[in-house]
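Listed here are the chains, written in short residue letters.
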Amino acid sequence: MTTLFALVDCNNFYVSCERVFNPGLEHRPVVVLSNNDGCIVSRSNEVKALGIGMGKAAFEVRDILTRHHVEAFSSNYTLYADMSGRVMQTLADFSPAMEVYSIDEAFLDLSGIGQPPADYGRQIQHTVRQWTGIPVSVGIASTKTLAKLANKIAKKSPKAAGVLNLADSPFLTQALQRVAVQDVWGVGLRIARKLNAAGIMNALDLSRADIGWIRGQFGVQGVRTVYELQAISCYPLEENPQDKKTIIVSRMFGRSVTAIDELMEASATYAARAGEKLRQEGLAAGMMSVSVATSRFIEHRYYNVHTTVFPTATFDSAELVQAATASIERIYREGFDYKRAGVLLHELTPQEYVQRTLFDTADRARAGRLMRTLDAINRRGDCTVRWAAEGIDKPWHTQFKHLSPKFTTRWDQLPVVS
DNA sequence: TCTGGGGTCCTAGGACCC
DNA sequence: TCTGGGGTCCTAGGACCC
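Note that the coordinates shown come from a computational prediction; the quantities given were computed from them, not determined experimentally.

(A) Here's a closer look at the protein's contact with DNA strand B. Residues in contact with DNA strand B amount to 25 residues; listed here are only the nearest, Ser-34, Ile-248, Ser-250, Arg-251 and Met-252. At the protein interface, 73% of the atoms of DNA strand B within 4 Å belong to sugar or phosphate. Val-220 places a main-chain nitrogen or oxygen 3.4 Å from a phosphate oxygen of DNA strand B. The contact in question runs from a phosphate oxygen of DNA strand B to an N or O atom on the side chain of Thr-246, over 2.9 Å. Contributions of two or more residues to the surface near DNA strand B are made by helix H10 (211-229) and strand S9 (247-257). Residue contributions to the surface near DNA strand B peak at 6 residues, all from S9. Class assignment of the residues belonging to the surface near DNA strand B gives a composition of 8 nonpolar, 8 polar and 9 charged.

Structural data, given as structure tokens:
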């Protein structure tokens, strides 16, 4: 059976979201920053042209940003998540089978569309733009890896204008040749270096590499990548993503923290947030690992982690918060400038399959009702009800100095047309 | 002064078993 | 002095992704 995949990828997604509600930003250099306004995580084409790399620390390029009047925004995840939902909903109309791959990408199954794939791609591009305001690129091919590659070329090539079909294309060899090996899906920096050292420079070279050597050097993933470049599909469309295996809430602080009670507040806050995510997924956690760390960029470094095992898997934030603060007592050491804390939930099981231990006395039904009520209240506003352990002022809180309004999810922040 | 966050999969190696 | 072989399970860490 022949396969046909489209990869639809939003262009400069976070920047594009900001532009939808602030059209004055069109054709101007714009960046979106990571948490704490630390790194550049989304760049407009104008900024890419300035040579500012993805993931660059903002303070390192401050001069260039100022000189070119670059508009900078803090990450507005609420807005981006909502816009992502709109894009995905639009895409769902174009295929009976879709895999949401990330916040700004989806694979569509295009086998059996009954019209030229490139034309269909144009329709997708046009419709998403019209319905959501977000520009997208579409790459089409017979495997996911080739669809990713087609998408990459579609974005850059003026001739493709955002849509490229490589399935049954006479230009496939040419396309493979012009993509550097490190730009192939599944090839990162380390693997690219090794490949380059072996004289494998572009995707075409990789598609013709010796499979035994690849297996020995890079394992089964490497082999799959090579096959996928040869148009042999190894990665099927994953329509129903399996349950999450881990849930992480981890943040850098807005300033360094030395006191144990501030670390406790932070870890309690993250544990409560992790609990919300957990319940949203309908899961319960068997284990929780709490970690603290100093900056990676200083001499006097410290990192430690403590793991709590819950005898009965839990989705009760009270239990998570309590365990989190207890963990901090175990791993806190005086005399360090802490810069980050994190909570990792693992051993996740669906709530309905939770095995209770013989000695479990907790009233889980009651806790469940309490959590549902809590979540419902907090969904309406921003953290209306909080755990006392989280603290009130949160002076350590991650910074977002350039945040745009929650245009689409809060009545009081709707854009006003005058 | 300032350097993100949230995930997955695979492999190697140790513990343990027969 | 001799000191197997194979299997499973678990964990840590590497590599990748966006």
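(B) Main features of the layout of surface pockets. Of the voids in this model, the second largest pocket is the one considered here, and its volume is about 750 Å³. As for the second largest pocket, its lining consists of 25 residues, of which Gly-38, Cys-39, Phe-59, Met-252 and Phe-297 are closest to the centre. Those elements giving two or more residues to the lining of the second largest pocket turn out to be S9, strand S10 (283-294) and strand S12 (338-350). Looking at the lining of the second largest pocket element by element, the count peaks at 3 residues for S9. Broken down by class, the residue content of the lining of the second largest pocket amounts to 9 nonpolar, 9 polar and 7 charged. Built from parts of two domains, the lining of the second largest pocket gets at least three residues from each of domain 1 (1-142) and domain 3 (247-390).

(C) Spatial organisation of the environment of Gly-286. Counting through the fold element by element, Gly-286 comes out in strand S10. Placed 44 residues apart in sequence, Gly-286 and Arg-330 show a C-alpha to C-alpha distance of 19 Å.

(D) The arrangement of the sheet that holds strand S2 (residues 30-33) in detail. Strand order in the open sheet made by the 3 strands is S3-S2-S4, with mixed pairing throughout. The two strands at the open ends of the sheet, each matched to only one other strand, are strand S3 (40-43) and strand S4 (71-73). On average, each strand axis in the sheet is tilted by 25° relative to the strand beside it, whichever way the strands run. The pairing of S2 with S3 spans 3 bridges and is antiparallel. Across the sheet, the residue bridging to Val-31 is Arg-43, located in S3. Contacts from helix H1 (residues 13-20) reach S2, S3 and S4, with the element oriented near 115° to S2.

(E) Geometry of the domain arrangement of chain A. Under the domain assignment, chain A is made up of domain 1 (1-142), domain 2 (170-241) and domain 3 (247-390). Distance from the C-alpha centre of domain 2 to the C-alpha centre of domain 3: 40 Å.

(F) Structural view of empty space enclosed by the protein. Scanning all chains against the criterion turns up 1 cavity of 30 Å³ or more. In this model, the largest cavity occupies a volume close to 40 Å³. Every residue along the wall of the largest cavity is listed here: Ala-313, Thr-314, Phe-315, Asp-316, Arg-364, Ala-367 and Gly-368. Among the secondary structure elements, those contributing two or more residues to the lining of the largest cavity are strand S11 (303-314) and helix H13 (364-380). At 3 residues, the largest contribution of residues to the lining of the largest cavity is made by H13. Looking at side-chain class alone, the lining of the largest cavity contains 3 nonpolar, 2 polar and 2 charged residues.

(G) Structural detail: the sheet that holds strand S5 (residues 98-102). Within the open sheet, the 5 strands sit side by side as S5-S6-S1-S7-S8. Their pairing is mixed. Sheet topology places S5 and strand S8 (163-165) at the edges, where each strand pairs with a single neighbour. Taking the axes of each pair of neighbouring strands and ignoring which way they run, one obtains an average angle of 15° across the sheet. Judged from the 3 bridges that link them, strand S7 (residues 136-141) and S8 form a sheet pairing that is parallel. Across the sheet, Gly-139 pairs through a bridge with Leu-164, a residue of S8. Packing against the sheet, helix H5 (residues 117-132) makes contact with strand S1 (5-10), strand S6 (105-109), S7 and S8, and its axis sits at approximately 160° to S7. Against the sheet, helix H6 (residues 144-156) makes contact with S1, S5, S6, S7 and S8, and its axis sits at roughly 140° relative to S7, the strand it touches most.

(H) Main features of the packing of aromatic side chains. Applying the stated criterion across every chain yields a total of 17 aromatic pairs. Here Phe-13 and Tyr-14 contribute two aromatic rings whose centre-to-centre distance is 6.0 Å and whose plane-to-plane angle is 55°, an arrangement assigned as tilted. Both residues of the pair, Phe-13 and Tyr-14, belong to the buried class. Each ring, one from Phe-107 and one from Trp-185, has its centre 5.7 Å from the other, and the planes form 50°; the classification is tilted. Of this pair, Phe-107 sits in strand S6 while Trp-185 sits in the loop between helix H7 (172-178) and helix H8 (189-197), placing them 78 residues apart in sequence.

Quick notes on the rules
Residues numbered from 1 in each chain as written. Chains lettered and ligands numbered in written order. Predicted model: local features only at pLDDT ≥ 70, side-chain atom pairs only at ≥ 80, totals over all residues. Heavy atoms only, no water. Near = heavy atom within 4 Å. Polar contact = N/O pair within 3.5 Å; in protein donor to acceptor, adjacent residues only side chain to side chain. Helix = DSSP H or I, 4+ residues; strand = E, 2+ residues; numbered from the N terminus. Nonpolar A, V, L, I, M, F, W, Y, C, P; charged D, E, K, R; others polar. 1 Å grid on protein atoms, 1.4 Å probe; cavity = no way out; pocket = protein on both sides within 12 Å on 5 of 7 lines; lining within 4 Å. Points joined across faces, edges and corners; volume = space filled by probe spheres on them. Domains from an automatic or database assignment. Pairing = 2+ DSSP bridges. Axes fitted to C-alpha atoms, helices over the stretch in contact; angles between N-to-C directions. Contact = heavy atoms within 4.5 Å. Phe/Tyr/Trp six-rings, centres within 6.5 Å; stacked < 30°, edge-to-face > 60°. Buried < 20%, exposed > 50% of the residue type's maximum accessible area, 1.4 Å probe, protein only.

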